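Residue strings, one per chain:
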Amino acid sequence: MRVLLVADFYPPAPGGLEAHVQRLAGALAARGHGVAVAAVGEGSGGGAVDGVQLERWPTSLGRLRPLYRQASRPFHPPWPDPAFVRRLRSLVGRFRPDVVHAHGWCAFSALAARQPDIPLVVTLHDYGLRCPKKTLLRGGQECAAGRGLHCLTCPGDDQGVAKRAALGAALAATTGRLGRGVARFLAVSEHVADRHVEAGLDRSLVQVVPNFLDLPDDVAAADQPPTADDGPPNVLYVGPATAHKGRAVLLEAHRRLPAGLARLVLVGDGGAVDREGVRCAGRLEGAALWDRYRAASVVAVPSVWPEPCPTVALEAMGWARPVVASRVGGLPDLVADGETGFLVPPGDPGALAGALRPLLEDGRLRRALGRAALARARSFSTAAVVPRIEAVYHEVLAGAGGR
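These lines cover the structure that appears in this document, whether it is placed above or below. (Residues numbered from 1 in each chain as written. Predicted model: local features only at pLDDT ≥ 70, side-chain atom pairs only at ≥ 80, totals over all residues. Heavy atoms only, no water.)

Time to look at the overall build of the chain. Assigned secondary structure in the chain consists of 13 helices and 16 strands. Principal-axis analysis of the C-alpha atoms gives the chain an extent of 60 × 50 × 40 Å. In the chain, buried positions account for 53% of the 403 residues. A fraction of 63% describes how many contacts in the chain between residues 6 or more apart in sequence connect residues 24 or more apart. About 16500 Å² of surface is accessible on the chain, with carbon and sulfur atoms providing 52% of the total. Distance from the positive charge centre (47 side chains) to the negative charge centre (38 side chains) of the chain: 5 Å. (Helix = DSSP H or I, 4+ residues; strand = E, 2+ residues; numbered from the N terminus. Buried < 20%, exposed > 50% of the residue type's maximum accessible area, 1.4 Å probe, protein only. Contact = heavy atoms within 4.5 Å. Areas by Shrake-Rupley, 256 points an atom, 1.4 Å probe, with all protein chains shown as cover. Lys, Arg positive; Asp, Glu negative; His and termini not counted. Charge placed at Lys NZ, Arg CZ, Asp CG, Glu CD.)

Written as structure tokens, this is what we have:
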């Protein structure tokens, strides 16, 4: 089978969507499929990377850098972008995919560029068809209404009012056409699926397929006590310092724990924290990140926003570490409360500290929940999830006439 993956961005651009598309491309290629990737980015040349054909193109709107809060990250708009559509249409003609699989707002261009007999699959990684900010977060709470006139009064400085109004209006105008043209939507969690059905997608076209991860090479070694230096147990946080990820909530929860009970290790972008018992490790990846999981006793995912399907929780489970997470978004799909970790109300440092404390004080409890987490992680492995995505490709191809 020949699969064309289309993505808003692709590594080395950071982000969960980007890493997911890269993992999927590699897994499909390893399973014998022909794979090409088209992503937003600078340059027009293509090349092969690990058996995957990769091309990056700028969008028409991307040339207007002052429109973007991050000039280095000019996102695809929620409508077909003329320049991107033109180059994507050319790639479709050259590569002749059996299936096009889009990730992000680039789905609007993918629908415009693909040939009518080529089925389009779209993965819903966030709430981008329901919310101009993609987070479905209004202030410190999940927005129950989704896009609409009230978006104009949504607090926060991540978007200006004019930009948010334009994006919301565009989504209202274009999402219906996307819903009619897509053969299958893959939501990364039940929560993401439900919110998009509320936004108007046909429930029969929405299927839940979670993110996946590559387990550590030596899975048996994952089910071992932490390799931290002598000292108290480590609580690991992986993510940026942005408010919606809840790092400030975790810092307050750590402050409420008995002195010396735990060391907090922060991995990710963000300013240093000058406090005893807190270590800022900076942004890590690869073996350096695995070392941090290996050294952790507990992993905290204190998100305030409705996380769709955070990879950090999957990675923690793959290292046999119990997870203490917010009961929000897709996290209940991953963390079995009381079995592989604990779930707490989002934004509640007292509840978070209360859930961390028994794990930090009882090594036997940590190990029992960690072993259960590792067993659960296997259902989110590449070997378990990618065949489910392949099955979707075969189903939509059969529906399109068995190309």
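Now that the structure has been shown, we can carry on.
The subject of this paragraph is helix α4 (residues 161-181). Between its first and last C-alpha, α4 extends 30 Å over 21 residues, near the 30 Å set by a 1.5 Å rise per residue. The sharpest bend along α4 measures roughly 35 degrees and falls at Thr174. The set of residues buried in α4 consists of Arg164, Leu167, Gly168, Ala170, Leu171, Thr174, Thr175, Leu178, Gly179 and Gly181. (Expected span 1.5 Å × (residues − 1). Bend = angle between axes of the 7 residues up to and from the residue.)

This brings us to the pairing of strand β15 (residues 323-326). Here strand β14 (residues 298-301) pairs with β15 via 3 bridges, running parallel. Residue pairing in the sheet places Val301 in a bridge with Ala325 of β15. Regarding topology, helix α9 (residues 311-318) serves as the crossover connection from β14 to the parallel β15, and that connection is right-handed. By the bridge criterion, 4 bridges tie β15 to strand β16 (residues 341-344) in an arrangement that is parallel. Bridge pairing in β16 links Val323 to Gly341. (Pairing = 2+ DSSP bridges. Right-handed = clockwise from strand over helix to strand, strands pointing away.)

Pairing is parallel in the open sheet, where 6 strands are placed in the order β13-β12-β11-β14-β15-β16. Every other strand in the sheet has two partners, leaving β13 (278-282) and β16 as the edge strands with one partner each. Here the strands of the sheet are splayed against their neighbours by 20 degrees on average, with no regard to which way each runs. Packing of helix α11 (residues 349-361) onto the sheet brings it into contact with β11 (234-238), β14, β15 and β16, and relative to β16 it is tilted by some 170 degrees. (Axes fitted to C-alpha atoms, helices over the stretch in contact; angles between N-to-C directions.)

A few words on the pattern of salt bridges. Under the criterion given, the structure shown has 14 salt bridges. For Glu395, the salt bridge is made with Arg184, and the minimal N-O distance between the two is 3.0 Å. Residue Glu395 is located in helix α13 (residues 382-399), and its partner Arg184 is located in strand β9 (residues 184-187); the two are separated by 211 residues in the primary sequence. Judged by relative accessible area, Glu395 falls into the partly exposed class, the value being 42%. Relative accessible area serves as the criterion here: at 14%, Arg184 is assigned to the buried category. Two residues, Arg255 and Glu252, come together in a salt bridge whose shortest N-O distance is 2.6 Å. In this pair, Arg255 and Glu252 are both assigned in helix α7 (residues 247-256), 3 residues apart and thus about one turn of the helix distant. When salt bridges with common partners are traced through the structure, they connect Arg130, Glu142, Arg195 and Glu198 into a single cluster. (Salt bridge = Lys/Arg side-chain N within 4 Å of Asp/Glu carboxyl O.)

Running from N to C, α11 and helix α12 (residues 363-377) cross one another at 105 degrees; their axes reach a closest spacing of 5 Å. Considering the angle they form, α11 stands roughly perpendicular to α12. Residues Pro358, Leu359, Leu360 and Glu361 of α11 form the contact with α12, whose own contacting residues are Gly363, Leu365, Arg366 and Leu369. In terms of residue class, the contact of α11 with α12 is built from 5 nonpolar, 1 polar and 2 charged. (Parallel < 35°, antiparallel > 145°, perpendicular 65-115°, else oblique. Nonpolar A, V, L, I, M, F, W, Y, C, P; charged D, E, K, R; others polar.)

With that out of the way, let us pick up the environment of Gly271. Looking at where Gly271 falls in the secondary structure, it is placed in the loop between β12 (263-267) and β13. You can call Gly271 partly exposed: its relative accessible area is 45%. In this structure, the C-alpha to C-alpha distance between Gly271 and Pro240, residues 31 residues apart in sequence, is 9.5 Å.

A word on the environment of Phe212. Looking at the element boundaries, Phe212 is found in the loop between β10 (206-208) and α6 (219-222). Residue classification places Phe212 among the buried positions, given a relative accessible area of 0%. Residues Phe212 and Arg31, spaced 181 residues apart in sequence, show a C-alpha to C-alpha distance of 16 Å. Excluding its chain neighbours within four sequence positions, the residues that come into contact with Phe212 are His20, Arg23, Leu24, Leu314, Phe380, Ser381, Thr382, Val385, Val386 and Ile389.

This next bit is on the nonpolar core. A general tendency of soluble globular proteins is for nonpolar side chains to be buried together. Grouped together as the largest cluster of nonpolar side chains are 72 residues, with contacts concentrated most on Leu4, Leu88 and Phe185. In terms of residue count, the dominant contributor to this core is helix α2 (residues 82-95) (6 residues). The contact partners of Phe185, leaving out residues within four places of it in the chain, are Val122, Leu124, Leu129, Leu178, Gly179, Leu201, Leu205, Val206 and Gln207. Ala27, Ala39, Val121 and Val385 belong to the second largest nonpolar core, which has 27 residues in total. (Core = buried A, V, L, I, M, F, W, Y, C linked by side-chain atoms within 4.5 Å.)

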